[in-house]
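Single-letter residue listing:
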Amino acid sequence: VQLQASGGGLVQAGGSLRLSCAASGLTFSRYTMSWFRQAPGKEREFVASFTWSGGSAYYADSVKGRFTISRDNAKNTVYLQMNSLKPEDTAVYYCAATMQISHYYVTRRYEYDYWGQGTLVTVSS
């Protein structure tokens, strides 16, 4: 299984970025796909999730209203549209896959079976 994240970069505060994560080697339509992030010196934290069953989207409170997660099962790809970026959004962003669908489990990183390599997002003030 491979999860290949891309789209990170340097952006000014208030700007936008779109991350992509292309998956291979798994039945993509049967996995909940999520984004986590890890800032320097901090724990990896949940950002957003799009479940495989029911198509529910969950977001961390810190990104609600600014970030949008979506998925294209035909392309085996999950996206994270990030708008109104803030310096505190600076982190390495990871995509991940799990078969869980409930909010309780998909927000917990230990429930994930597969992880991508991460893409760095830097937001300057």
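Every chain begins its residue count from 1, and numbering advances along the sequence as written. Two thresholds apply to this predicted model, a pLDDT of at least 70 for residue-level local features and 80 or more for giving and counting side-chain atom pairs, whereas whole-chain, interface and lining totals are computed over all residues. The side-chain quantities take in all heavy atoms of the structure and omit both hydrogens and water.

S.K.: So what's going on with the nonpolar core? Residues and values would help.
M.R.: We call a set of buried residues a nonpolar core when its members are Ala, Val, Leu, Ile, Met, Phe, Trp, Tyr or Cys and they connect through side-chain atoms within 4.5 Å of each other. Burial here depends on accessible area, computed with a 1.4 Å probe over protein chains only, as a share of the maximum for the residue type. Under 20% is buried, over 50% is exposed, and the range in between is partly exposed. With 36 residues, the main nonpolar core has Trp 35, Val 47, Phe 67, Ile 69, Leu 80, Met 82 and Tyr 93 as its most contacted residues. Helical segments are the DSSP runs of H or I of at least four residues, strand segments are the runs of E of at least two, and each set is numbered from the N terminus. Considering each element in turn, this core owes the most residues, 5 residues, to strand β9 (residues 91-98). Residue contacts for Phe 67: discarding those within four places in its chain leaves Arg 37, Val 47, Tyr 59, Leu 80, Gln 81, Met 82, Asn 83, Leu 85, Asp 89 and Tyr 93. Residues count as neighbours in contact if any of their non-hydrogen atoms are within 4.5 Å of one another.

S.K.: Break down the pairing of strand β8 (residues 77-82) for me, citing the residues and quoting the values.
M.R.: A large share of β8 lies buried, amounting to 5 of its 6 residues. By this definition, two strands are paired if DSSP reports at least two bridges between them. Pairing between strand β3 (residues 17-24) and β8: 6 bridges, direction antiparallel. Bridging across to β8, Cys 21 finds its partner in Val 78. Taken together, the 6 bridges between strand β7 (residues 67-72) and β8 define a ladder with antiparallel strand orientation. Paired with Ser 70 across the bridge in β8 is Tyr 79. What sits between the antiparallel neighbours β7 and β8 is a turn of 4 residues, in which Asn 76 has the positive phi angle 50 degrees.

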